[in-house]
Amino acid sequence: MSPAGCPHVNGFKVDNWKQNLRVIYQCFVWTRKRKAKSCICHMCGAHLNRLHSCLSCVFFACFAKKHIHEHAKSKRHNLAIDLLYGGIYCFMCQDYIYDKDMEQIAKEEQRKAWKMQGMTPACCHSPCCVRVCVPGTGEKYSTWEPTKRELELLRHNPKRRRITSNCTIGLRGLINLGNTCFMNCIVQALTHTPLLRDFFLSDRHKCEMQSNSCLVCEMSQLFQEFYSGHRSPHIPFRLLHLVWTHARHLAGYEQQDAHEFLIAALDVLHRHCKDDNGKKANNPNHCNCIIDQIFTGGLQSDVTCQVCHGVSTTIDPFWDISLDLPGSSTPFWPLSPGGDGSALNGESHATGATTLTDCLRRFTRPEHLGSSAKIKCSGCHSYQESTKQLTMKKLPIVACFHVKRFEHSAKLRRKITTYVSFPLELDMTPFMASSKESRMNGQYQQAVDPFNNDNKYSLFAVVNHQGTLESGHYTTFIRQHKDQWFKCDDAIITKASIQDVLDSEGYLLFYHKQFLEYE
């Protein structure tokens, strides 16, 4: 990387820029006393709410509420500094940036702050990790610098595993142990979930279970197997045994539902690793385990009384969204095409195909509950008819969509083979609770903001089911690099084209957020 990774930094490097930057680090980033007294958002008055300081003028504003973005846009001040961790953000690049000179100043001022507070960077818990335990001053986010011993080890072990465009590291088949394709396809999707991979390969799990019954430990071993470089198919017998132990409804050699296995696996993983970090989390499950950090979102349910129009709102956690299909016994199909967000997600109704956006419109459309499902209204103090509407209050990092292809009722059991068009990139903005005011009669009037990337997702895995309800087989498409896709069919892995992925039937669709922000 060049010394100036961002082209917009040079505009800041004029006059006494180094001294000005040092003052900001000294007074507002690496110190607690002045930060506590001075750092409030100049627009809303919030204190320490991901505050950023403009590098071109004396202005503090919060990042989470976009107040610093508004200032940058109106004043054309492109750079700001994160007052909690010291990172430099460029509003033109829409990302945190690296600059060698700025990084050097930040390190120098941080060391000075440690010295003044009687701290040294030596309070680490392992030889390969530098953790600085200074509350409120970049805690746990210090840069890693190798020790002399580590440098010596690196010199004696010069061989490095390089990731190239045609690299197959992470690709590995799984032996079918007798109708276990439902498990294999989900394992492939989970092992190629970026943040989950990073968690397990960095050895973050601290097991406190007494016996060898921890599913998280087994998943950790599984990730090691997948990314070891071995090409022979792996035999997941221990994983299957642990699933049978902790999810007894999946025990046996009968064919099971891949969606049911996904939810059961996430539930067991959640239970086995929820004690890794005792902190409360900002997700609807209020759990800080890696499963809830990645997969948990918040679903808002608004029930509106038809008499007094009072609204009762509840927010429930979810790991996936189950979507109805045309041809099922559920009402509200068909929907009129267009004006809904299909264009926003690059989908087309030209062939008459149902799109993923259609299914999401159906899911978030107001539903009249009818006279047979009256609720007691807190405003009217009597039972009244009402409408119910679901929207997304908080989006997860990984959004999993379950296309309901298997219909079970008292009268029939069948598979729905309706083709659903799904995009490589998905914008969930029209389906957010915050967009509800812009919605009229199920039509979305939301203005498209090309610079708002908060709710944009990229497809990284697709689970498909071939065959009938009684006899079928599961396979998975997974994304290895940006535009490289592979088909995982138990022990056999073959290269696939993007068109192969988009033409597939689609049973479970996994999308990953394009932009992540720490809280």
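Treat the numbers as computed from the prediction; the structure is a model and nothing was measured. (Residues numbered from 1 in each chain as written. Predicted model: local features only at pLDDT ≥ 70, side-chain atom pairs only at ≥ 80, totals over all residues. Heavy atoms only, no water.)

Q: What exactly am I supposed to notice about the overall build of the protein chain here?
A: Assigned secondary structure in the protein chain consists of 13 helices and 25 strands. In the protein chain, buried positions account for 46% of the 519 residues. Summarising the internal contacts of the protein chain: among those between residues at least 6 apart in sequence, 64% fall at separations of at least 24. For the protein chain, the accessible area works out to roughly 27100 Å², and carbon and sulfur atoms hold 52% of it. (Helix = DSSP H or I, 4+ residues; strand = E, 2+ residues; numbered from the N terminus. Buried < 20%, exposed > 50% of the residue type's maximum accessible area, 1.4 Å probe, protein only. Contact = heavy atoms within 4.5 Å. Areas by Shrake-Rupley, 256 points an atom, 1.4 Å probe, with all protein chains shown as cover.)

Q: Would you mind going over the packing of aromatic side chains with me for this structure?
A: For any two aromatic rings, the description comes down to two numbers: the centre-to-centre distance and the angle of the planes. Evaluated as defined, the whole model comprises 14 aromatic pairs. Ring centres of phenylalanine 28 and phenylalanine 60 lie 5.1 Å apart, and the angle between their planes is 70°; on these two criteria the pair is classed as edge-to-face. Here phenylalanine 60 lies in strand β2 (residues 60–62) and phenylalanine 28 lies in helix α1 (residues 17–29), a separation of 32 residues in the sequence. Residues phenylalanine 28 and phenylalanine 60 agree in their burial class; the two are buried. Relative to tyrosine 507, the ring of tyrosine 474 has its centre 6.1 Å away and its plane inclined at 35°; by these criteria the two rings are tilted. Of this pair, tyrosine 474 sits in strand β22 (residues 472–481) while tyrosine 507 is found in the loop between α13 (498–503) and β25 (508–513), placing the two residues 33 residues apart along the sequence. Classification of tyrosine 507 by relative accessible area gives buried; the value is 1%. Ring pairs connect the aromatic residues Phe63, Tyr89, Phe91 and Tyr96, which therefore count as one cluster. (Phe/Tyr/Trp six-rings, centres within 6.5 Å; stacked < 30°, edge-to-face > 60°.)

Q: Sorry, what's going on with the pattern of salt bridges here?
A: When the charged atoms of two side chains lie near each other, side chains of opposite charge can form a pair. Evaluated as defined, the whole model comprises 16 salt bridges. Between aspartate 324 and arginine 362 there is a salt bridge, with the nearest N and O atoms lying 3.5 Å from each other. Of this pair, aspartate 324 sits in the loop between β8 (321–323) and β9 (354–355) while arginine 362 sits in helix α12 (residues 356–363), placing them 38 residues apart in sequence. Of the two residues, aspartate 324 and arginine 362, neither departs from the other in class, the shared state being buried. The salt bridge partner of arginine 361 is aspartate 358, with a shortest N-O separation of 3.9 Å. (Salt bridge = Lys/Arg side-chain N within 4 Å of Asp/Glu carboxyl O.)

Q: What is the right way to read the environment of phenylalanine 295 from this model?
A: By the secondary structure assignment, phenylalanine 295 is in helix α11 (residues 290–295). For phenylalanine 295, a relative accessible area of 1% translates into the label buried. Leave out the neighbours within four places in its chain, and phenylalanine 295 touches Leu190, Thr193, Leu196, Leu266, Phe318, Trp319, Pro396 and Val398.

Q: Would you mind going over the packing of helix α6 (residues 181–191) against helix α10 (residues 258–273) with me for this structure?
A: Packed helices, taken two at a time, are described by their axes: the angle between them and the distance between them. The interhelical angle for the contact between α6 and α10, taken along N-to-C directions, is 55°, at an axis separation of 9 Å. Comparing their axes, α10 and α6 come out oblique. Two packed elements cross with a definite hand, and for α6 against α10 that hand is right-handed. Contacts between α6 and α10 pair Phe182, Met183, Cys185, Ile186 and Leu190 from the former with Ala258, Phe261, Leu262 and Leu266 from the latter. (Axes fitted to C-alpha atoms, helices over the stretch in contact; angles between N-to-C directions. Parallel < 35°, antiparallel > 145°, perpendicular 65-115°, else oblique. Left-handed = near helix turned anticlockwise from the far one by under 90°.)

Q: How do you make sense of the confidence of the model for the protein chain when you look at a structure like this?
A: Where the model shows low pLDDT, its predicted coordinates should not be examined in detail. Residues with a pLDDT of 70 or more make up 80% of the protein chain, whose mean pLDDT is 80. The model gives residues 120–141 a pLDDT under 50, and that stretch makes 42 contacts with residues more than four places away or in other chains. Taken together, the stretch residues 440–445 has pLDDT below 50 and engages in 16 contacts with residues farther than four places along the chain or on a different chain. (pLDDT = per-residue confidence, 0-100.)

Q: Help me out: how do you make sense of the environment of valine 398 in this one?
A: Relative to the helices and strands, valine 398 is located in strand β14 (residues 398–403). Judged by relative accessible area, valine 398 falls into the buried class, the value being 0%. If we skip the residues at most four places from it in the chain, valine 398 touches Thr193, Ile294, Phe295, Phe460, Phe510, Tyr511 and His512.

Q: Explain the nonpolar core here, please?
A: Generally speaking, a soluble globular protein has its nonpolar side chains buried in company with each other. Among the nonpolar cores identified, the biggest contains 59 residues, and Ile291 and Phe510 are the most heavily contacted of them. Per-element tally for this core: the top contributor is α10, with 9 residues. Ignoring anything within four residues of it in the chain, the contact list for phenylalanine 510 reads Ala189, Leu262, Val398, Ala399, Cys400, Ser458, Leu459, Phe460, Ala461 and Val463. Counting residues in hydrophobic clusters, the runner-up holds 37 residues, among them Phe12, Val29, Cys41 and Leu79. (Core = buried A, V, L, I, M, F, W, Y, C linked by side-chain atoms within 4.5 Å.)

Q: Looking at this structure, how should I read the packing of helix α7 (residues 194–201) against helix α8 (residues 215–226)?
A: Remark: α7 packs on α8, axes separated minimally by 9 Å, with the N-to-C direction vectors making an angle of 100°. When the axis of α7 is compared with that of α8, the two are roughly perpendicular. Every residue of α8 that contacts α7 at Leu196, Arg197, Phe200 and Leu201 is listed here: Val216, Met219, Ser220, Phe223 and Gln224. Split into classes, the residues belonging to the contact of α7 with α8 amount to 6 nonpolar, 2 polar and 1 charged. (Nonpolar A, V, L, I, M, F, W, Y, C, P; charged D, E, K, R; others polar.)

Q: Just to check I follow, could you spell out the sheet that holds strand β7 (residues 311–318) for this structure?
A: What links the strands of a sheet is backbone hydrogen bonding, and the strands pair in either a parallel or an antiparallel sense. Spatially, β7-β6-β13-β10 is the arrangement adopted by the 4 strands of the open sheet, whose pairing is antiparallel. Two strands lie at the open edges of the sheet, namely β7 and β10 (367–368), each paired on one side alone. Where strand β6 (residues 297–305) and strand β13 (residues 386–394) come together, 8 bridges link them in antiparallel fashion. Each bridged residue has a counterpart across the sheet, and for leucine 299 the counterpart in β13 is methionine 392. (Pairing = 2+ DSSP bridges.)

Q: Please clarify how helix α3 (residues 67–75) should be interpreted in this entry.
A: Note: α-helices contain 3.6 residues per turn, so residues at a spacing of three or four share the same orientation. If you check which residues of α3 are buried, you get His67, Ile68, His71 and Ala72. When α3 is viewed along its axis, its buried side chains cluster within an angular range of 140° and face the same direction. Exposed residues pointing more than 90 degrees away from the buried face of α3 are listed as Lys73 and Ser74. The elements touched by buried residues of α3 are β1 (51–54), β2 and β3 (79–82). (Arc of directions from axis to C-beta.)

Q: What is the right way to read the sheet that holds β3 from this model?
A: Spatially, β2-β1-β3-β4-β5 is the arrangement adopted by the 5 strands of the open sheet, whose pairing is antiparallel. Strands with a single pairing partner mark the edges of an open sheet, and in this sheet they are β2 and β5 (95–97). Going from strand to strand, the sheet's axes swing by 40° on average, the running direction of each strand aside. Where strand β4 (residues 88–90) and β5 come together, 3 bridges link them in antiparallel fashion. Bridging from a neighbouring strand, isoleucine 88 pairs with isoleucine 97 of β5. Against the sheet, α3 touches β1, β2, β3 and β4, its axis set at about 125° to β2.

Q: Would you take a moment to explain the environment of threonine 355 for this structure?
A: Structurally, the position occupied by threonine 355 is in strand β9. Accessibility expressed as a relative area gives 0% for threonine 355, which makes it buried. Taking the C-alpha atoms as reference points, threonine 355 and leucine 325, 30 residues apart in sequence, are found 9.9 Å from one another.

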